[in-house]
Amino acid sequence: MTVTSLSKSELVALDAQALEANLTQISLRLIQQGHMLATAESCTGGMIAAACTDLPGASTWFERGFVTYSNAAKADMLGVPAALIEQEGAVSEAVARAMADGALLHSQAQVSLAVTGVAGPLGGSDAKPVGMVWFAWCVNGETHSEMQHFPGDRATIRAATVRYALQRLLAFLLG
């Protein structure tokens, strides 16, 4: 597990052109490997899947997206144990990892990414403040997880989550 924070200027640097460039590289790498991607999203509500499918030809490398905003959806669609969610909370490393693993188990994909966080403005606590997001990626049979704290309002946090999830996915694919 790695815990890091990006500065506001670093977040701004990850603009729309960088996002499209990352997605293009992700798509080429997945196609090259003969792999498909599945996403499991909570706080982003499908924004990562939408970004992926904005790229023409996404059906050659994007298999499916799970929008699992509620705890019940995480359990029903991804097989995340309800007891794990109750014990660790939906915004936790364990749940993010279980979401990424579940996306692979419930799809035909070989690569997955998952996000769960507190986008605000409500729902934050001292232990899990607004802007806290857990990420998990399953690449080459290994699950990686990280936590980030993003500053800003709901839209800014969600957009930063999308950009970061895809930026790190590319790094893992290039490995």
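Preceding this section is the structure that the text describes.
Novice: Is there a simple way to think about the pairing of strand 3 (residues 62-67) in this case?
Specialist: Residues in a regular strand project their side chains so that they alternate between the two faces of the sheet. Sheet topology note: the strand 2 (residues 37-41)/strand 3 ladder contains five bridges and is parallel. If you follow Leu37 over to strand 3, its bridge partner there is Phe62. In the classification by handedness, the crossover that spans strand 2, the intervening helix 3 (residues 47-53) and the parallel strand 3 is right-handed.

Novice: What am I meant to see in the nonpolar core here?
Specialist: Where a protein is soluble and globular, its nonpolar side chains tend to be buried together. Membership of the largest hydrophobic core comes to 33 residues, with the highest contact counts inside it found for Trp61, Leu166 and Leu169. Mapped onto this core, the elements with two or more residues apiece are helix 2 (16-33), helix 3, strand 4 (111-117), strand 5 (132-139) and helix 7 (154-174). Broken down by element, the residue count for this core peaks at ten residues, all from helix 7. Look past the residues within four positions of Leu166 in its chain and what remains in contact with it is Leu19, Leu23, Ile26, Ile48, Ala51, Cys52 and Leu113.

Novice: For this particular structure, what's the right way to read the environment of Gly34?
Specialist: If you trace the backbone, Gly34 turns up in the loop between helix 2 and strand 2. Overall, the relative accessible area of 55% leaves Gly34 in the exposed class. Spatially, the C-alpha atom of Gly34 lies 9.0 Å from that of Gln110, the residues being 76 residues apart in sequence.

Novice: Explain the pattern of salt bridges here, please?
Specialist: Two side chains of opposite charge can pair, provided their charged atoms sit close to one another. A complete count under the given rule lists two salt bridges for this structure. Among the salt bridges present, the one from Glu63 reaches Arg64, with a minimum N-O distance of 2.6 Å. For Glu63, a relative accessible area of 22% corresponds to the partly exposed category. Between Arg168 and Glu146 there is a salt bridge, and its shortest N-O distance comes to 2.6 Å. Within this pair, whereas Arg168 is found in helix 7, its partner Glu146 is found in strand 6 (residues 142-149), the two being separated by 22 residues in sequence. On the accessibility criterion, Arg168 (22% relative accessible area) is partly exposed. Classification of Glu146 as buried rests on a relative accessible area of 5%.

What counts and what doesn't
Residues numbered from 1 in each chain as written. Predicted model: local features only at pLDDT ≥ 70, side-chain atom pairs only at ≥ 80, totals over all residues. Heavy atoms only, no water. Pairing = 2+ DSSP bridges. Helix = DSSP H or I, 4+ residues; strand = E, 2+ residues; numbered from the N terminus. Right-handed = clockwise from strand over helix to strand, strands pointing away. Core = buried A, V, L, I, M, F, W, Y, C linked by side-chain atoms within 4.5 Å. Buried < 20%, exposed > 50% of the residue type's maximum accessible area, 1.4 Å probe, protein only. Contact = heavy atoms within 4.5 Å. Salt bridge = Lys/Arg side-chain N within 4 Å of Asp/Glu carboxyl O.

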